[in-house]
Amino acid sequence: MRPTHSIITAGMRLLREVIRATASTTKQTDRRQTKHTPSRFAPQSYPGDFTGNPHISYAPFDDDIADPGEVVWTWVPFEEDFSQGKDRPVLIIGRDGRWLLALQVTSQDHDLDAEQEARAGRYWEDIGTGGWDSQGRPSEVRLNRIIRIAPDSVRRIGAVLDEGRFERVVKGVARHH
C-alpha cells in the first residue's frame, strides 16, 4: 500500500506543477494581447467607428454570445490608428448588421480632467464597479465613440450592467453622439 501512496503523491505533485506552468503561460499570453498590435482577436478589416444614429437596446441573455447590456473583453482599435489597439472591456449597446456596437470601458477616472477631456471631444459616464474588473475598480464608459466589434472577436463576457446604469449610459450617448 505504501508504494501506491508514493506514486499517487508524486503524480499529484507533477500535476500541480503542470497546472502552475500552464497558468503562468496563460497569464503571459493575456499580457501580450494587451499590447498595441492586433491580437488574434482583432478583426482583419475594421470598417471604422459607427457614426450613424445607433439603435440601442438592453437585451442581456445568459449564454456565451455577447448581447446589448453586457460588458465583454475584446480587442479595440485606437481611434487615431485602426491598425493598432488594445485588449479591453467594452459595453455592448446594440448591433449594426453583423457588427456589435460598443462603448469603451476604462478604470481611469476622467472626472478629475473632465474639462480637458471635453475640450478634446471625449465624454464619459460613470458606471461603477462590476465583474468585468477583477480588482473591483470603478469604471467609466466613453459616450461619444461607438466602436464596431466583430462578434467572433469577443474574448470573454465580463458581466451584465444593470438596466438602471445602462439607461444612464443611453441618455449620455444621446447627448454626446
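Here the structure is shown first, and the text comes after it.
Cut-offs applied
- Residues numbered from 1 in each chain as written.
- Predicted model: local features only at pLDDT ≥ 70, side-chain atom pairs only at ≥ 80, totals over all residues.
- Heavy atoms only, no water.
- Pairing = 2+ DSSP bridges.
- Helix = DSSP H or I, 4+ residues; strand = E, 2+ residues; numbered from the N terminus.
- Axes fitted to C-alpha atoms, helices over the stretch in contact; angles between N-to-C directions.
- Contact = heavy atoms within 4.5 Å.
- Salt bridge = Lys/Arg side-chain N within 4 Å of Asp/Glu carboxyl O.
- Buried < 20%, exposed > 50% of the residue type's maximum accessible area, 1.4 Å probe, protein only.
- Expected span 1.5 Å × (residues − 1).
- Arc of directions from axis to C-beta.
- Polar contact = N/O pair within 3.5 Å; in protein donor to acceptor, adjacent residues only side chain to side chain.
- Phe/Tyr/Trp six-rings, centres within 6.5 Å; stacked < 30°, edge-to-face > 60°.
- Lys NZ or Arg CZ within 6 Å of the ring centre and 35° of its normal.

1. Regarding the sheet that holds strand β2 (residues 85-96)
- With respect to topology, six strands assemble into an open sheet ordered β4-β5-β3-β2-β1-β6, the strand pairing being antiparallel. Whereas interior strands pair on both sides, the edge strands pair on one side only; in this sheet they are β4 (124-128) and β6 (154-160). The average angle at which neighbouring strand axes cross in this sheet is 50°, direction not considered.
- Across four bridges, the pairing between β4 and strand β5 (residues 139-149) is antiparallel. Its bridge partner being in β5, G128 is matched across the sheet by S139.
- Across the face of the sheet, helix α3 (residues 163-176) comes into contact with β2, β3 (99-106), β4 and β5 while running at roughly 175° to β4.

2. Quick notes on the pattern of salt bridges
- A full pass over the atoms with the stated rule returns nine salt bridges.
- Across the salt bridge formed by E125 and R168, the nearest N and O atoms sit 3.4 Å from each other. Note that E125 is positioned in strand β4 and R168 in helix α3, a separation of 43 residues in sequence.
- A relative accessible area of 15% places E125 in the buried class.

3. Here's the deal with the pairing of β2
- Here β2 lies mainly inside the structure; nine of its 12 residues are buried.
- Pairing analysis gives seven bridges linking strand β1 (residues 70-77) to β2, with the strands arranged antiparallel. Within the sheet, the bridge partner assigned to P77 lies in β2 and is G85.
- Inspection of the sheet shows β2 paired to β3 by six bridges, in the antiparallel sense.

4. Focus: α3
- In this model α3 runs 20 Å from its N-terminal to its C-terminal C-alpha over 14 residues, within 8% of the 20 Å that 1.5 Å per residue would give.
- Within α3, burial applies to R165, F166, V169, G172 and V173. Axial view of α3: buried residues confined to an arc of 120°, hence all on one face. Opposite the buried face of α3, by more than 90 degrees, sit the exposed residues K171, A174 and R175.
- Against the buried residues of α3 lie β2, β3, β4 and β5.
- Of the residues flanking the start of α3, the one acting as N-cap is D162, its side-chain oxygen 3.1 Å from the backbone nitrogen of G164.

5. A short note on the packing of aromatic side chains
- If you walk through the whole model with that rule in mind, you get two aromatic pairs.
- Ring centres 4.8 Å apart and planes at 75° place the aromatic pair Y46 and F82 in the edge-to-face group. On the criterion of sequence distance, the pair formed by Y46 in the loop between α1 (2-33) and β1 and F82 in the loop between β1 and β2 is long-range, its members being 36 residues apart.
- Take F82: its relative accessible area is 34%, and that puts it in the partly exposed class.
- Taking NZ or CZ as reference, R98 lies 4.3 Å from the ring centre of W99, over its face.

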